[in-house]
Amino acid sequence: MLDAYAALREPAAAAYGEWQRPVRPRIDLAWETSALAAGAGRTQAALEAEAEARGAAVDLGHVHGYGLQWLQPLAQITWPDGASVLYGPVTPGKVGLLIDEATGRAGAAAELALGVIAGERPGLPPIEAHPFLACEDERRLLARIGRSDPQSLDHYLASGGYHALARMIDRHHGAEAVRQLQGDAGLIGRGGAFFPAGVKWNFLAGAPDDERYLVCNADEGDPGAWVNRVLMEGDPHLIIEGMLIAAYATAAIHGFIYIRGEYPLAVERVREAIAQAEQAGLLGDNILGSDFSCSMEVIVGAGAYVCGEETGLIASIQDDRGMPRIKPPFPAQAGVFYKPTNVNNVETYANAALVLANGAEWYREQGTERNSGTKIFSFSGDIARTGFMELPWGTPLREVLTALGGATRSSGAPGELKAIQPGGPLAGYLPAAIADGLNLEKEDFAQHGTLIGAGGIVFVGEDANSIELNVMFSEFLEEESCGRCTSCHHGNQRMTEVFKRVLDGGGRAEDRYNLEQLGQALQYSNCVHGSASPTIMRNTLRYFSEEFDAHVAAADPELQGRGFLRFRIADQSDPRLESARLICPVDAIRGSPRGGYSLDDELCIRCGACYDLAPRGIARDDLVALATARAVT
């Protein structure tokens, strides 16, 4: 088997060497979803047109972006001496500078230069010195990102890919030993549940049925998270190798890679990688000439968030409605087609390949005693720099925020951090005072009633509205409920209604109690979609209590509630003011026709009865309009 692998690796190494030291300069444009969203397609067209018009002696290619997503579209130039420099943002109007730089006019694109990826260039620091990457220690999962063509099997092989697989098969490592190695390394699931991978593989290995399956959960639906997408678009063979290792360790015969439908480029890249591996004898029957066989296929999801739950995902693979099943039985006993199945996250399988390639002790060099290894995080929201990093577990969030350039206001101007929203709409909502002391480790988040989730963290600026955020997420949770559980579907409907009414200025004193009761009822849902639905609501009532109460009272002019009102005495001569005083249910209007009237804003419940009765004497102010007017002046 190692001979068969060596026969693949030798020409691959030659091809990769030529790519690293091209005959003439090459411009590689970042070609991934974030880059395309930022206009990489237009930059590509402009680059091709400019190169052709000039007859420039350059080649063009693609890589995956390096993680500095706020600077997309990114590009890098690689010269014949092996030096490679990252540039951005490369808009269509800047492609001429890039071609000038590539063809010999040193410094032409200096304004776009971000750092050296390989080799050296006078006056330019290594990319690792960029402030955005200050918290990164060693890129492991992201080692090939920006340093290879993600569509090339040769590049993966030449950089050590599939060697661990070949060595495992050739040396006839026992399946139990492979599973034990994952346990010794402390590899835990990266999808948010953090269940030990080795233990999970043991469950499947012990199943009585020989027809066993693997599932890769790539249904990454959390708003603000694109961790799995980076690996699928940037290093798809790493995922395939990890799944093959899991298949060998559990005697699984087939793997399903379930990718959300909103990731068309990831679907394309993973399918292409599967075809390449099959053609090279690395996947399918008798892998590398051995008696080990395993096949794989991509399943495209239909956009249901609840299919991120493993049994809902399994149902979708079977062409059933994407609806979580009641457990037990668990997938290891009855999964795909009711056969024993193991479900792991994209990043978990990718880590499994690294563990087998480098050993448990190497893996434990990064992270903490409680959580070993590294984790990819994606950062977005009200921050100066959005992007992704690979960080050791335990990295202080305070240091990460500094690397991200600090918090901003919604306008983009520098501001103060108000809160963080980690792990998607089920995970939680924490104020800046708590977030400032957090380390990126699941236990730190759990002690405050939140989850760290699968790695997406959204930063919330000082001028954001917590109640509006709750409306957005409760609407999302209501919409994405599968409808099986009355507690989940109807509970999230009621939660949405309450928060909408509070935001619109119709809050009631009993709303807090009702929301807490809804949170209790939601605990009886079948799956985590329902049981975790009230997490952000509970965090809001706990950590942003004053903001919630102010919305209910509609009493704070600094807040942004759509229905906030304030009533005041406007005309003392209105003869109907006395009737308005008498009708007020809380005696907020005081005085008499002779001495004049006053209105106690703290007592006022905004019922509007006085305004309806005496519209000349009582004025009604829209606080949002007042706040806007003050901001303008």
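For the structure itself, look to the data block above.
Note that the coordinates shown come from a computational prediction; the quantities given were computed from them, not determined experimentally. (Residues numbered from 1 in each chain as written. Predicted model: local features only at pLDDT ≥ 70, side-chain atom pairs only at ≥ 80, totals over all residues. Heavy atoms only, no water.)

Considering helix 19 (residues 486-503)
Part 1 of the argument: Given a rise of 1.5 Å per residue, 18 residues ought to cover 26 Å, and the 25 Å separating the end C-alpha atoms of helix 19 matches this to within 8%.
Part 2 of the argument: Among the residues of helix 19, those classed as buried are Ser-487, Cys-488, Gly-491, Asn-492, Gln-493, Met-495, Thr-496, Val-498, Phe-499, Val-502 and Leu-503.
Part 3 of the argument: Along its buried surface, helix 19 packs onto helix 18 (466-480), helix 20 (511-522), helix 21 (528-531), helix 22 (535-543) and helix 23 (545-553).
Part 4 of the argument: Looking at the residues trailing helix 19, positive phi occurs at Gly-505, about 90°. (Helix = DSSP H or I, 4+ residues; strand = E, 2+ residues; numbered from the N terminus. Expected span 1.5 Å × (residues − 1). Buried < 20%, exposed > 50% of the residue type's maximum accessible area, 1.4 Å probe, protein only. Contact = heavy atoms within 4.5 Å.)

Details of the sheet that holds strand 13 (residues 430-431)
Part 1 of the argument: With respect to topology, five strands assemble into an open sheet ordered 11-10-14-12-13, the strand pairing being mixed. Two strands bound the open sheet, and with one partner strand each, they are strand 11 (387-392) and strand 13. (Pairing = 2+ DSSP bridges.)

A few points about the nonpolar core
Part 1 of the argument: In this structure, Tyr-162, Met-232, Leu-244, Ile-257, Ile-259 and Phe-292 are the most contacted members of the largest nonpolar core, which totals 74 residues.
Part 2 of the argument: Sorting elements by how many residues they give to this core places helix 10 (residues 236-250) first, with ten residues.
Part 3 of the argument: The contact partners of Leu-244, leaving out residues within four places of it in the chain, are Tyr-162, Leu-165, Met-168, Leu-282, Leu-283, Ile-287, Phe-292, Cys-294 and Met-296.
Part 4 of the argument: Within the second largest apolar cluster, 70 residues are counted, among which are Ala-30, Ile-77, Tyr-543 and Phe-544. (Core = buried A, V, L, I, M, F, W, Y, C linked by side-chain atoms within 4.5 Å.)

Some details on the pairing of strand 8 (residues 295-300)
Part 1 of the argument: Both strand 7 (residues 254-259) and strand 8 contribute to a ladder of six bridges, which runs parallel. Within the sheet, the bridge partner assigned to Gly-255 lies in strand 8 and is Met-296.
Part 2 of the argument: Traced from strand 7 through helix 11 (residues 264-279) to strand 8, the parallel crossover comes out right-handed. (Right-handed = clockwise from strand over helix to strand, strands pointing away.)

Looking at the pattern of salt bridges
Part 1 of the argument: The final tally for this structure, using the stated rule, is 34 salt bridges.
Part 2 of the argument: The salt bridge partner of Lys-327 is Glu-309, with a shortest N-O separation of 3.4 Å. Within this pair, whereas Lys-327 is found in the loop between helix 12 (310-317) and strand 9 (341-345), its partner Glu-309 is found in the loop between strand 8 and helix 12, the two being separated by 18 residues in sequence.
Part 3 of the argument: With relative accessibility at 32%, the residue Lys-327 sits in the partly exposed group. (Salt bridge = Lys/Arg side-chain N within 4 Å of Asp/Glu carboxyl O.)

Let's talk about a nonpolar patch on the surface
Part 1 of the argument: Taken together, the side chains of Phe-195, Val-199 and Phe-203 make up a nonpolar region of the molecular surface, amounting to roughly 250 Å² of accessible area.
Part 2 of the argument: Structurally, the position occupied by Phe-203 is in helix 8 (residues 197-205). (Patch = residues over 30% accessible without salt bridge, like charges linked within 9 Å, V, L, I, M, F, W, Y side chains within 5 Å. Areas by Shrake-Rupley, 256 points an atom, 1.4 Å probe, with all protein chains shown as cover.)

Remarks on the packing of aromatic side chains
Part 1 of the argument: Tallying each qualifying case throughout the model produces 16 aromatic pairs.
Part 2 of the argument: Their ring planes at 80° and their centres at 6.3 Å tell us that Phe-499 and Phe-548 sit as a pair that is edge-to-face. One end of the pair, Phe-499, is in helix 19; the other, Phe-548, is in helix 23, with 49 residues separating them in the sequence. Both residues of the pair, Phe-499 and Phe-548, belong to the buried class.
Part 3 of the argument: Aromatic rings pair up to connect Phe-194, Phe-377, Phe-379, Trp-393 and Phe-459 into one cluster.
Part 4 of the argument: Directly above the ring of Tyr-263 sits Arg-260, whose terminal nitrogen or CZ lies 5.0 Å from the centroid.
Part 5 of the argument: Here the basic side chain of Lys-375 rests over the ring of Phe-377, its NZ or CZ set 5.5 Å away from the ring centre. (Phe/Tyr/Trp six-rings, centres within 6.5 Å; stacked < 30°, edge-to-face > 60°. Lys NZ or Arg CZ within 6 Å of the ring centre and 35° of its normal.)

Regarding the pairing of strand 12 (residues 417-422)
Part 1 of the argument: The buried fraction of strand 12 amounts to six of the six residues, a majority that puts the element mostly inside the structure.
Part 2 of the argument: Sheet topology places strand 12 next to strand 14 (residues 456-461); five bridges connect them, and they run antiparallel. The partner of Pro-422 across the bridge, within strand 14, is Ile-457.
Part 3 of the argument: Pairing analysis gives two bridges linking strand 12 to strand 13, with the strands arranged antiparallel. Directly across from Ile-420, in strand 13, lies its bridge partner Leu-430.

Brief notes about the environment of Ser-598
Part 1 of the argument: In this fold, Ser-598 is placed in strand 17 (residues 596-599).
Part 2 of the argument: Counting along the chain gives 308 residues from Ser-598 to Ser-290, while the straight-line C-alpha distance between them is 90 Å.
Part 3 of the argument: If we ignore the near neighbours within four places in the chain, the residues touching Ser-598 are Ile-569, Ala-588, Ile-589 and Arg-590.

Re the side chain of Glu-32
Part 1 of the argument: As for its position among the elements, Glu-32 is in the loop between strand 1 (26-30) and helix 2 (33-37).
Part 2 of the argument: An unpaired buried charge is present at Glu-32: no salt bridge exists, and Arg-229, the closest side chain of opposite charge, is 4.6 Å distant.
Part 3 of the argument: Reaching out from Glu-32, the side chain makes a polar contact with the backbone nitrogen of Ser-34 at a distance of 3.1 Å.
Part 4 of the argument: A polar side-chain atom of Glu-32 sits 3.3 Å from the main-chain amide nitrogen of Gly-65.
Part 5 of the argument: Each residue touching Glu-32, except ones within four places of it in the same chain, is listed here: His-64, Gly-65, Gln-69, Gln-72, Glu-233 and Leu-265. (Lys, Arg positive; Asp, Glu negative; His and termini not counted. Polar contact = N/O pair within 3.5 Å; in protein donor to acceptor, adjacent residues only side chain to side chain.)

Describing unusual backbone geometry
Part 1 of the argument: Note the cis peptide between Gly-88 and Pro-89, where omega equals -5°.
Part 2 of the argument: For Pro-89, the location among the structural elements is in the loop between strand 4 (84-87) and helix 4 (95-102).
Part 3 of the argument: The linkage connecting Pro-328 with the following residue, Pro-329, adopts the cis geometry, with an omega of 5°.
Part 4 of the argument: Of note, Tyr-162 is a non-glycine position whose phi angle comes to about 70°, a positive value.
Part 5 of the argument: By the element assignment, Tyr-162 lies in the loop between helix 5 (153-158) and helix 6 (163-170).
Part 6 of the argument: Judged by its relative accessible area of 0%, Tyr-162 is buried.
Part 7 of the argument: Its identity as a non-glycine residue notwithstanding, Ala-251 has a phi of 60°, on the positive side.
Part 8 of the argument: For Ala-251, the position within the fold is in the loop between helix 10 and strand 7.
Part 9 of the argument: For Ala-251, a relative accessible area of 43% translates into the label partly exposed.

Regarding the sheet that holds strand 7
Part 1 of the argument: The strand order across the open sheet formed by four strands is 8-7-6-9, and the pairing between neighbours is parallel. This sheet does not close on itself; its edge strands, each paired only once, are strand 8 and strand 9. This sheet shows a mean twist of 20° between the axes of neighbouring strands, independent of strand direction.
Part 2 of the argument: Summarising the sheet, strand 6 (residues 213-218) and strand 7 pair through six bridges and their orientation is parallel. What sits directly across from Asn-217, in strand 7, is Tyr-258.
Part 3 of the argument: Sitting on the sheet, helix 10 is in contact with strand 6, strand 7 and strand 8, with an inclination near 150° to strand 6. (Axes fitted to C-alpha atoms, helices over the stretch in contact; angles between N-to-C directions.)

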